[in-house]
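Survey of secondary and tertiary structure
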Amino acid sequence: MSTPPSTIGARSAALVLGVLSTACGGAGPSPGPPADSPAGAEAPIAAPISEAAIQAALRMSPVPPGPEDPTNRVDVDPQAAALGRLLFHSTALSKDGDVSCATCHLPEQSFVDGRALALGVLPLERHTMPLWNLAHQRWFFWDGRADSLWSQSLVPIEDPLEHAFTRAGVAHAIHDDPDLRRRYEEVFGALPPLGDKLRFPAIARPVPANDRAHQLADEHARANRDGQEHHTHLFGSGFRHPHQRAWDAMAPEDQEAVTQVFVHVGKALAAFQRQIESRDAPFDRFVEGLREGDAAKVASLDDSAARGFELFIGEARCISCHGGPLFTDLEFHDTGVPEVPGAPVDDPGRSRGLEALRASEFGVRSRWSDDPEGPAGVKVDFLPAAGHGHGPGEFKTPSLRSVVHTPPYMHNGAFATLEEVVAFYATRETARVTGTTEKILVPLDLTEEDQADLVAFLRSLTGSPPDLARLGAPTR
């Protein structure tokens, strides 16, 4: 399949496409003499995509600066980001001191772990999500159960499958480390008197007994290495988890103080993670070349990738869910991903995520938000009522930025390569049959060459690797 290239003069292209780019939010270049001008005329550039594709490309690059989060007052504070970097790489915020955020989000592996299903303290049910360009996201986790980057950052710490830690333990870990304590107090002010272990037990938190992660932890706890079940149920009748008992023994004002420290940790982690950006991909240089009339930059997209882009926005209909500079609509869909061992057969996805979002104590409208009445809360003001709006099996559309570095793919790690992903959407041969699979997902008449071209385009979205000197584990 071939698409006639568009031939554009270098200067006239810069002027005409600059106007288009300004309409899309970009800055147009300074106009030069027209291409047919006797003086200073330049040879025309043959753009390897159609005029319609040029206009689409201009809307999909560059990645704009990440918007600031008004619900996090330290969102762009460099001192908070430096603290967040230390906390991101610290194993002190985990049950046995051997798990950190970087355990699943390895900077040297583009902030993923290469596993089909993530592994924290215990096995998880879903694939590790990439962390690229998080400042642009509306919802977090595959099921969108958090509505801000800072609230998302708190969930793994107390999740019994991930860090299996407690908010009181987090506060003590910072208090007991002189460097962390100094950095924390420079950003957030004095810690509570955590040296008093009677007032502030070392391990305490509220325990939501009906949370899915806690149910899974219960299942793990009831099975020994031989697969035989013990008869002690963590959440049996009348049972109170030791973490909950310790939490209940604290005075309300001390619970409040510990939770405030916990929230500050989430906001520092968010300030660090917003710096993890993917941009400057070959596709971005190509679009920049279109705007500038620069033949060398236009050549950043080879012929196969150019054909793949035409398919992406056309016959393959990928753009229906993967539009914009992040190549995602930021919403949730059931694509019929096949089942895999270790992942739940009936994972409800977004429908359960909505339940968790409504129940979260750390939402953007909560008292822990730095702007609870502000515009960031609009997205939660109009959530569908329970039982409406989302069917089972819907998961967030991931960004395709630097997707080549984040295999395996899908919420359950079902596909090992991009080639498998494209073949799945092209043929739908292995699609899971459900009553909610979206109508747009039908087999496509794509040749093997078409599929290879689509993969070539996806590879063109690969930005620069993470700057480990800035984002990797710090040396103190």
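Structure: above.
Every value quoted in this text rests on a predicted model; they were computed, and no experiment measured them.

Of note, His89 is situated in helix H3 (residues 78-89). A distance of 3.4 Å separates a polar side-chain atom of His89 from the backbone oxygen of Gly472. Once residues within four sequence positions are removed from consideration, His89 is found in contact with Ser100, Ala102, Pro107, Phe272, Leu471, Gly472, Ala473 and Pro474.

Here we take up the environment of Arg199. Residue position: Arg199 is located in the loop between helix H7 (178-188) and helix H8 (212-221). Accessibility expressed as a relative area gives 37% for Arg199, which makes it partly exposed.

Now for helix H13 (residues 303-313). With eight of its 11 residues buried, H13 lies for the most part within the structure. Ser304, Ala305, Ala306, Gly308, Phe309, Glu310, Leu311 and Phe312 are the residues of H13 that are buried. As for H13, its buried residues are in contact with helix H2 (51-58), helix H11 (282-292) and helix H17 (448-459). The N-cap of H13, judged by a side-chain oxygen 3.2 Å from the amide nitrogen of Ser304 a few residues on, is Asp302.

A few words on unusual backbone geometry. Among all residues except glycine, the phi angle is most often negative; among peptide bonds, the trans geometry is most common. Cis geometry marks the peptide bond from Ser61 to Pro62; its omega dihedral reads 5°. Following the sequence through the fold, Pro62 ends up in the loop between H2 and H3. Residue Pro408 follows Pro407 across a cis peptide bond; omega there is -10°. Along the chain, Pro408 falls in the loop between strand S4 (395-396) and helix H16 (418-427). Look at Ala164: it is not a glycine, yet its phi comes out positive at around 55°. The phi angle at Ser402 is positive, at roughly 55°, despite the residue not being glycine. Tracing the sequence through the fold places Ser402 in the loop between S4 and H16. In this structure Ser402 comes out as buried when scored by relative accessible area, which is 1%.

Calculation criteria
Residues numbered from 1 in each chain as written. Predicted model: local features only at pLDDT ≥ 70, side-chain atom pairs only at ≥ 80, totals over all residues. Heavy atoms only, no water. Helix = DSSP H or I, 4+ residues; strand = E, 2+ residues; numbered from the N terminus. Polar contact = N/O pair within 3.5 Å; in protein donor to acceptor, adjacent residues only side chain to side chain. Contact = heavy atoms within 4.5 Å. Buried < 20%, exposed > 50% of the residue type's maximum accessible area, 1.4 Å probe, protein only.

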